[in-house]
Amino acid sequence: MNSLPSNSNGFTQKEMLVMILDGQEKINDRIDSLHEKVNTKISRTELSGWVVAVASLSVVVQALM
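Residues numbered from 1 in each chain as written. Predicted model: local features only at pLDDT ≥ 70, side-chain atom pairs only at ≥ 80, totals over all residues. Heavy atoms only, no water.

### Notes on the overall build of the protein
1) Next: Looking only at helices and strands, the protein has two helices and zero strands in total.
2) Next: Buried positions account for 2% of the 65 residues belonging to the protein.
3) Next: Carbon and sulfur atoms make up 63% of the accessible area of the protein, which totals about 6200 Å². (Helix = DSSP H or I, 4+ residues; strand = E, 2+ residues; numbered from the N terminus. Buried < 20%, exposed > 50% of the residue type's maximum accessible area, 1.4 Å probe, protein only. Areas by Shrake-Rupley, 256 points an atom, 1.4 Å probe, with all protein chains shown as cover.)

Set out below in structure tokens:
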């Protein structure tokens with residue numbers, strides 16, 4: 001028999017803690033993958049900045065011609 005007391009769900013405290021830590025590790029992995037996904041996409045602010053820069057450059061080029 002097990003020396004640790006069993007909860008009403010049939011798991012010992014140690015088994016529950018191991019399950020929680022495994023779940024936390026999965027959550028951390030998911031967060032890391034989402035961070036990588038977000039960091040690879042261009043943001044709206046960055047996109048609008050590039051659009052303004054290209055438009056400004058084209059206006060300058062047209063003014064010089």
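Still to come is the rest of the account.
### Re helix 2 (residues 44-64)
1) Next: The first and last C-alpha atoms of helix 2 sit 30 Å apart over 21 residues, in line with the 30 Å expected at 1.5 Å per residue.
2) Next: Little of helix 2 is tucked away, with zero of its 21 residues classed as buried. (Expected span 1.5 Å × (residues − 1).)

### Digging into a negative patch on the surface
1) Next: Judged by side-chain charge, Asp-22, Glu-25, Asp-29, Asp-32 and Glu-36 come together as a negatively charged surface patch.
2) Next: You can see Glu-36 is positioned in helix 1 (residues 13-40).
3) Next: Residue Glu-36 is classed as exposed on the basis of its relative accessible area, which comes to 55%. (Patch = residues over 30% accessible without salt bridge, like charges linked within 9 Å, V, L, I, M, F, W, Y side chains within 5 Å. Salt bridge = Lys/Arg side-chain N within 4 Å of Asp/Glu carboxyl O. Lys, Arg positive; Asp, Glu negative; His and termini not counted. Charge placed at Lys NZ, Arg CZ, Asp CG, Glu CD.)

### Description of a nonpolar patch on the surface
1) Next: A cluster of nonpolar side chains, Ile-42, Leu-47, Trp-50, Val-51 and Val-54, forms an exposed patch at the surface whose accessible area comes to about 530 Å².
2) Next: Along the polypeptide, Val-51 turns up in helix 2.

Shape is all these values report; function is a separate question.
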